[in-house]
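Letter by letter, the chains look like this.
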Protein chains: 2
Amino acid sequence: MTKKDAPVSPEARLPKGLFDISAGEIRATEEMLGTIRRVFESYGFEPLDTPAIEYTDALGKFLPDQDRPNEGVFSFKDDDEQWLSLRYDLTAPLARYVAENFQSLPKPFRRYQSGPVWRNEKPGPGRYRQFTQFDADTVGASSVAADAELCMLAADTLEALGLKRGQYVIKVNNRKVLEGLLDQAEIETGHQRLVAMRAIDKLDRLGLEGVRALLGEGRKDESGDFTKGADLGATQVSRIMDYLTKAQQSVVKMEAAAKLPLSEQAIASQEYHLIEGADSTFYSGQGMEGEQELERMRGFFFSSGYGLDRIRIDPSVVRGLEYYTGPVFEADLTAPITDEKGQPIRLGSVVSGGRYDGLVER
Amino acid sequence: MTKKDAPVSPEARLPKGLFDISAGEIRATEEMLGTIRRVFESYGFEPLDTPAIEYTDALGKFLPDQDRPNEGVFSFKDDDEQWLSLRYDLTAPLARYVAENFQSLPKPFRRYQSGPVWRNEKPGPGRYRQFTQFDADTVGASSVAADAELCMLAADTLEALGLKRGQYVIKVNNRKVLEGLLDQAEIETGHQRLVAMRAIDKLDRLGLEGVRALLGEGRKDESGDFTKGADLGATQVSRIMDYLTKAQQSVVKMEAAAKLPLSEQAIASQEYHLIEGADSTFYSGQGMEGEQELERMRGFFFSSGYGLDRIRIDPSVVRGLEYYTGPVFEADLTAPITDEKGQPIRLGSVVSGGRYDGLVER
């Protein structure tokens, strides 16, 4: 808006996708964040605050075009004609902080951060242009002990927030296992791998037949909308379906085993390990590596007293973020959630994470 | 930066004027803010959070030129080609919020807010491009009882933060008294009034002779730099100097009276009231109105048990913000503050505020 056509008395209004937060919600959020902080600090995580603004190039792939500097992020130039942006997550600023201070940081470096992030997107239901994230990361720990620790921490945090044992479950998998599966099915193109991975991610919601359709030509949903599939060959589809069928059987078995005493759970959970019937020829090298990492994590869980009622290996977990390279996990609520009218709500995972090696390249 | 000349691996660095905040400082700040919140909530103030981004026109005078959209604030356009800006304080968003929700708000509406604000300025010593503000405001209270309440609240807050009685003092004045003084001295031009007001504001630091120079032709400081003055006539200067001389005597007298028992303080403080020797012809109508408002506030302080050792009327207090229209106050630390090397630090006021009528024009 230029000065010339500026209204004399502009209407008081918030831009769409942005919201004022009232006292009740602020207090509830503060209390929740205070609880989460307390649990994370008991595990040795320290707070870190980075500013809202970073050099745009430090935010990685969201480098704006000169013609469209606001694609995805809010960007602007400073007096020195350098592009600045509002952070769109707390991970890119962490990578910048670690790269800048690598020499002086204790290793492993454990930090948590909570604060607003900004997305320059069309706002819609549940899509805001400013919202709060809470992130905790361990930097410089090559052993999967750090990944196991984060899963146990997630379980402790949910219980500190008032969830009872059995009302949640932390589901763990490893990207290498999934990559190994795609290797073994000889899926070569990046696009087909991506679409196949996304199809596997929907097992929970669409079931085996829904995933099979998305691995093949595609799927029409109840509303009649058609989603194009990965167009895999019949052998490729059947290899993945074989894995997923066994994965589902394993999930059911682990669910049942969760009701046993802890010592029996430990024995029962070993049966999961290589997924019933799968042998080493089923996976490529990285698939086996992923299985071994999961096996080590399983050991940490049981030796620390976290049973199958709290943390389970679930071969169908994928997670959306493309930069994950190893263990991934998500926490799901197992008790049904309803809205004010008693209608069930599908919440999705309430906590999630994973290992991403190589974010800070030095 | 265009994609073409983007470096392959950009150097990890923060833009100037922005800072990462480490664990120790985060904890100290959280503890301090928690204490301040607790005291403000005990006075019935409720938290409110507004987003970081507002329509630029809602931020008032900082409306950017089309050619220089970043003058003073960080601004950018959204998909609808509307100018958005990062807030530069918490007052303009409050005005927007009150205008938008006026009908449904309880009156008076008391809210506090703390959070980052952004300034697009050349960073320098003590000048940052992101920093935290804590604001508390009462909306829709026409009586000066609300102003007196904020002064008492400031005193309580400083003590809750660990300051002892006598280590701080809340100094109160009224802009109407100062405007009345300038009226009476027949200072007509806006520029001269502004420069004269700024000169009075420096009484603390420069003493009577320094202010006299700034009311006249100007002043050369120790480094040899010359500051141009208000160029007032001799009669105008002497009227103001007469007021300031008596004001200084009053300040000394109140300082001494602060050591008396509370009941005697109340009597002694009445002597201040019209400033020794000043009669009603000294002030214009708004000057007298300001004096009456101060007198009512003085009554609230004593009837609530806040003696001269905590809150004093000080005729030399001005405050920088141009939008103040009535009572103004600031809290100064009276104990000397030293840096790590034992050198004294001049801190200035640690809390300040005032009444601004007319921010939300409806």
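Each remark here, short or long, concerns the structure printed above.
Please read all numbers here as calculations on a predicted model, not as lab measurements.

J.: Could you clarify how one ought to interpret the overall build of chain A in this entry?
T.: The helix and strand inventory of chain A stands at nine helices and 14 strands. Counting over 362 residues, chain A shows a buried share of 46%. Carbon together with sulfur atoms contributes 50% to the accessible area of chain A, which is approximately 17700 Å² in total.

J.: So what exactly am I meant to see when it comes to the side chain of B:Arg312 here?
T.: With respect to the element layout, B:Arg312 can be found in strand β10 (residues 311-313). In this structure, B:Arg312 is in contact with B:Val169, B:Ile170, B:Lys171, B:Val172, B:Met254, B:Glu255 and B:Ala258, ignoring residues within four places of it in sequence.

J.: Before we go on, may I ask you to explain the packing of aromatic side chains in this structure?
T.: Given two aromatic rings, one states the distance between the centres and the angle between the planes to describe the pair. This model, assessed by the stated rule, comprises 15 aromatic pairs over all chains. With a centroid separation of 5.3 Å and 85° between ring planes, the pair formed by A:Phe19 and A:Tyr128 is classed as edge-to-face. With A:Phe19 in the segment before α1 (23-42) and A:Tyr128 in the loop between β5 (109-118) and β6 (130-139), the pair connects residues that are 109 residues apart, well separated along the chain. Taking the centre distance of 5.6 Å and the plane angle of 80° together, the rings of B:Phe40 and B:Phe45 count as edge-to-face. In terms of burial, B:Phe40 and B:Phe45 fall into one category: buried. In this arrangement the basic side chain of A:Lys107 is found over the ring face of A:Phe102, its NZ or CZ atom lying 4.6 Å from the centre. Taking the ring centre of B:Phe45 as reference, the NZ or CZ of B:Arg110 above it sits at 5.9 Å.

J.: What's the story with the sheet that holds strand β11 (residues 327-333) of chain B in this structure? I'm lost.
T.: To summarise the sheet geometry, strands pair through backbone hydrogen bonds and adopt either a parallel or an antiparallel arrangement. Residues and elements named next belong to chain B. If you trace the four strands from one edge of the open sheet to the other, you get β10-β7-β11-β14, paired in mixed fashion. The sheet is open, and its two borders are formed by β10 and β14 (351-354), each paired with just one other strand. Put simply, the sheet's adjacent strands are angled 20° from each other on average, direction ignored. Bridging between β11 and β14 involves four bridges; their strand directions are antiparallel. The residue bridging Ala331 from the neighbouring strand is Val351, located in β14.

J.: Would you mind going over the interface of chain B and chain A with me for this structure?
T.: The interface of chain B with chain A comprises 55 residues on the first partner and 55 residues on the second. Both faces considered, chain B and chain A share a buried interface measuring about 5200 Å² in area, 54% of it formed by carbon and sulfur atoms. Inspection of the region where chain B meets chain A yields 14 salt bridges. Linking A:Arg27 and B:Glu41 is a salt bridge whose minimum nitrogen-to-oxygen distance equals 3.2 Å. Inspection of the region where chain B meets chain A yields 15 residue pairs in polar contact (both at pLDDT 80 or more). Of all elements in the fold, only α1 (23-42), β1 (46-47), β2 (53-55), β3 (75-77), β4 (83-86) and α2 (91-101) of chain B reach the threshold of two or more residues within the side of chain B that touches chain A.

J.: Can you walk me through the pairing of strand β7 (residues 168-174) of chain B in this structure?
T.: When a strand is regular, its side chains alternate between the sheet's two faces. Most of β7(B) sits inside the fold, with seven of its seven residues counted as buried. Covered by surrounding structure in β7(B) are B:Tyr168, B:Ile170, B:Val172 and B:Asn174 together with B:Val169, B:Lys171 and B:Asn173, the residues of both alternating faces.

J.: Please clarify how helix α6 (residues 203-215) of chain A should be interpreted in this entry.
T.: An α-helix turns once every 3.6 residues. As a result, residues three or four positions apart point the same way. All names here are of chain A. With 13 residues, α6 should reach 18 Å at 1.5 Å per residue; the first-to-last C-alpha distance of 11 Å falls well below that figure. Along its length, α6 shows its largest kink, about 75°, at Glu209. All buried positions along α6 are accounted for by Leu203, Gly210, Val211, Leu214 and Leu215. Looking at the packing, one finds that the buried side of α6 touches α5 (190-201), β8 (218-220), β9 (226-228) and α7 (234-257).

J.: I tried to follow the nonpolar core on my own but got confused; where do I start?
T.: Ranked by internal contacts, the top residues of the largest apolar core, which has 50 residues, are B:Ile170, B:Val172, B:Leu215, B:Ile240 and B:Phe301. When residues in this core are grouped by element, the largest group, eight residues, is from helix α3 (residues 145-160) of chain B. Residue contributions to this core reach at least three from each of two domains, namely domain 1 (23-140) and domain 2 (168-354) of chain B. Among the nonpolar cores identified, the runner-up in size contains 49 residues, and A:Tyr112, A:Met152, A:Val195 and A:Val318 belong to it.

J.: Help me understand helix α6 (residues 203-215) of chain B in this model?
T.: Within α6(B), the full set of buried residues consists of B:Leu203, B:Leu206, B:Gly210, B:Val211, B:Leu214 and B:Leu215. Buried residues belonging to α6(B) abut α5 (190-201), β8 (218-220), β9 (226-228) and α7 (234-257) of chain B.

J.: Can you walk me through the packing of α6(B) against α7(B) in this structure?
T.: Geometrically, a packed helix pair is captured by the angle between its two axes and the distance between the axes. All names here are of chain B. Interaxial distance between α6 and α7 falls to 10 Å at its minimum, and their mutual angle equals 165°. Relative to α7, the element α6 is oriented roughly antiparallel. Viewed along their axes, α6 and α7 form a crossing whose handedness is left-handed. Contacts from Leu203, Leu208, Val211, Arg212 and Leu215 in α6 reach Val237, Ile240, Met241, Leu244, Thr245 and Gln248 in α7. Residue composition of the contact of α6 with α7, by class: eight nonpolar, two polar and one charged.

J.: Explanation requested: the relation of the copies chain B and chain A in the structure shown.
T.: The operation relating the pair of chain copies consists of a rotation about an axis and a translation along that axis. The transformation that overlays chain B on chain A combines an axial shift of 0.0 Å with a rotation of 180°, and the residual RMSD is 0.1 Å. Considering both components of the superposition, the chain copies are consistent with a two-fold axis. Taking C-alpha positions as the reference, the residue of chain B nearest the rotation axis is B:Phe76, at 3.0 Å. The fraction of interface residues of chain B whose copies in chain A are also interface residues reaches 98%, indicating that both copies meet through the same surface.

J.: Looking at this model, I keep getting lost on a nonpolar patch on the surface. Mind explaining?
T.: A cluster of nonpolar side chains, contributed by A:Ile345, A:Leu347 and A:Val350, occupies part of the molecular surface with about 240 Å² of accessible area. Its location among the elements puts A:Val350 in the loop between β13 (344-345) and β14 (351-354).

J.: Can you walk me through the sheet that holds β5(A) in this structure?
T.: Residue and element names in this part refer to chain A. Strand order across the open sheet formed by three strands is β1-β5-β6, with mixed pairing between neighbours. Each edge of the open sheet carries a strand with a single partner, namely β1 (46-47) and β6. Pairing analysis gives 10 bridges linking β5 to β6, with the strands arranged antiparallel. Following the sheet pairing, Pro116 is matched in β6 by Thr132.

What counts as what
Residues numbered from 1 in each chain as written. Chains lettered and ligands numbered in written order. Predicted model: local features only at pLDDT ≥ 70, side-chain atom pairs only at ≥ 80, totals over all residues. Heavy atoms only, no water. Helix = DSSP H or I, 4+ residues; strand = E, 2+ residues; numbered from the N terminus. Buried < 20%, exposed > 50% of the residue type's maximum accessible area, 1.4 Å probe, protein only. Areas by Shrake-Rupley, 256 points an atom, 1.4 Å probe, with all protein chains shown as cover. Contact = heavy atoms within 4.5 Å. Phe/Tyr/Trp six-rings, centres within 6.5 Å; stacked < 30°, edge-to-face > 60°. Lys NZ or Arg CZ within 6 Å of the ring centre and 35° of its normal. Pairing = 2+ DSSP bridges. Axes fitted to C-alpha atoms, helices over the stretch in contact; angles between N-to-C directions. Buried area = accessible area lost by both parts, 1.4 Å probe. Salt bridge = Lys/Arg side-chain N within 4 Å of Asp/Glu carboxyl O. Polar contact = N/O pair within 3.5 Å; in protein donor to acceptor, adjacent residues only side chain to side chain. Expected span 1.5 Å × (residues − 1). Bend = angle between axes of the 7 residues up to and from the residue. Core = buried A, V, L, I, M, F, W, Y, C linked by side-chain atoms within 4.5 Å. Domains from an automatic or database assignment. Parallel < 35°, antiparallel > 145°, perpendicular 65-115°, else oblique. Left-handed = near helix turned anticlockwise from the far one by under 90°. Nonpolar A, V, L, I, M, F, W, Y, C, P; charged D, E, K, R; others polar. Least-squares fit on C-alpha atoms with pLDDT ≥ 70 in both. Patch = residues over 30% accessible without salt bridge, like charges linked within 9 Å, V, L, I, M, F, W, Y side chains within 5 Å.

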